[in-house]
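The primary structure of each chain is shown beneath.
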Amino acid sequence: GGSPPSDRITEIAAVVLRDGKIAEVFETLVNPQRRIPSFVSRLTNITWDMVKNAPTFASVAEDVMKALEGNVFVAHNAAFDWKFVSHEVSSATGSRLFGHRLCTVRFARGLLPGLPRRSLDYLANYYGVEINGRHRAGGDAVATAHCLIRMLRDAEDRGCSTWEDLEILLRGRPAKKKRRRYSALPSP
């Protein structure tokens with residue numbers, strides 16, 4: 001859906017990377033304990049019948065927090081996903097999520113300025129990554145992880161090897177000062 005608390009998570013996946021490879025994948029449907037908006041069902045193909053017997057977020061919150069612990073939260077449009085996950089974790093446990101976040105959309109903007117669009121489809125196509133199960137938590141998370149691995153290699157090839165280097169890349173280059181254009185009109 002659009003935003004919590006009126007909309008809830010229906011599926012969640014976490015992909016943990018170690019040494020430039022996928023080390024763990026956690027994925028589960030989640031019972032949102034409310035109706036799934038029809039546009040979400042059309043987009044994800046997740047129906048009420050699929051989630052009605054699935055665990056609630058409170059039942060999987062510990063697993064989600066374990067996957068996030070000590071790791072950077074990475075997502076394609078990270079602010080959107082962070083909003084949902086942090087709200088659900090807070091509601092289920094009373095704890096707040098903290099830590100570094102990395103948005104692969106912003107990363108692509110800084111790293112691949114010539115790419116015409118930064119959607120996951122464009123990014124995956126650029127890197128030759130196949131998305132199995134588009135608009136599903138696991139499919140999108142695994143594809144994002146594969147794109148991230150490639151993006152980190154490209155960034156490293158450009159001398160970006162620390163979190164601080166990455167933050168500089170994400171901020172972008174400082175804007176060049178515009179040269180003042182002088183008017184052709186006479187001035188007083």
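On a predicted model such as this, the values are computed, not experimentally measured, just so you know. (Residues numbered from 1 in each chain as written. Predicted model: local features only at pLDDT ≥ 70, side-chain atom pairs only at ≥ 80, totals over all residues. Heavy atoms only, no water.)

As for the packing of helix H6 (residues 120-127) against helix H7 (residues 137-157)
- Relative orientation of the contacting elements H6 and H7 amounts to 55°, with a least axis distance of 10 Å. Relative to H7, the element H6 is oriented oblique. When you trace H6 past H7, the crossing you get is left-handed. Along its contact with H6, which presents Leu120, Leu123, Ala124 and Tyr127, the element H7 presents Asp140, Thr144, Cys147, Arg150, Met151 and Asp154. (Axes fitted to C-alpha atoms, helices over the stretch in contact; angles between N-to-C directions. Helix = DSSP H or I, 4+ residues; strand = E, 2+ residues; numbered from the N terminus. Parallel < 35°, antiparallel > 145°, perpendicular 65-115°, else oblique. Left-handed = near helix turned anticlockwise from the far one by under 90°. Contact = heavy atoms within 4.5 Å.)

Points about H6
- For H6, the full list of buried residues reads Leu120, Leu123, Ala124 and Tyr127. For H6, the angular spread of buried residues about the axis comes to 95°, placing them on one side.
- Elements that come into contact with the buried residues of H6 comprise helix H5 (104-111) and H7.
- Within two residues after H6, Gly128 carries a phi angle of roughly 70°, on the positive side. (Buried < 20%, exposed > 50% of the residue type's maximum accessible area, 1.4 Å probe, protein only. Arc of directions from axis to C-beta.)

Let's talk about helix H3 (residues 57-68)
- Those residues of H3 that sit buried are Phe57, Val60, Ala61, Val64, Ala67 and Leu68. Angular distribution of buried residues about the axis of H3 spans 140°; they occupy a single face of the element. Away from its buried face, by an angle of more than 90 degrees, H3 presents the exposed residues Ser59, Glu62 and Lys66.
- Structurally, H3 contributes buried residues whose contacts are with strand E1 (11-18), strand E2 (21-29), strand E3 (73-75) and helix H4 (78-93).

Focus: the nonpolar core
- Ranked by internal contacts, the top residues of the largest apolar core, which has 20 residues, are Phe107, Leu111, Leu123, Tyr127 and Met151.
- Per element, the largest residue contribution to this core is five residues, and it comes from H7.
- Once residues lying within four places of it in the same chain are set aside, the contact partners of Leu123 are His76, Thr104, Ala108, Leu112, Leu115, Cys147 and Met151.
- Counting residues in hydrophobic clusters, the runner-up holds 18 residues, among them Val60, Phe73, Ala78 and Leu97. (Core = buried A, V, L, I, M, F, W, Y, C linked by side-chain atoms within 4.5 Å.)

What about the confidence of the model for the chain?
- Residues with a pLDDT of 70 or more make up 91% of the chain, whose mean pLDDT is 90.
- Every residue in residues 174-178 is under pLDDT 50, and counting partners more than four places away or in other chains gives zero contacts. (pLDDT = per-residue confidence, 0-100.)

Comments concerning the pattern of salt bridges
- For the structure shown, the criterion picks out six salt bridges.
- Residue Glu88 is joined to Arg8 by a salt bridge in which the shortest nitrogen-to-oxygen separation is 2.8 Å. Residue Glu88 is found in helix H4, and its partner Arg8 is found in the segment before E1; the two are separated by 80 residues along the sequence.
- The salt bridge involving Lys52 is made with Asp49; its shortest N-O contact spans 3.4 Å.
- A relative accessible area of 58% means that Asp49 is categorised as exposed. (Salt bridge = Lys/Arg side-chain N within 4 Å of Asp/Glu carboxyl O.)

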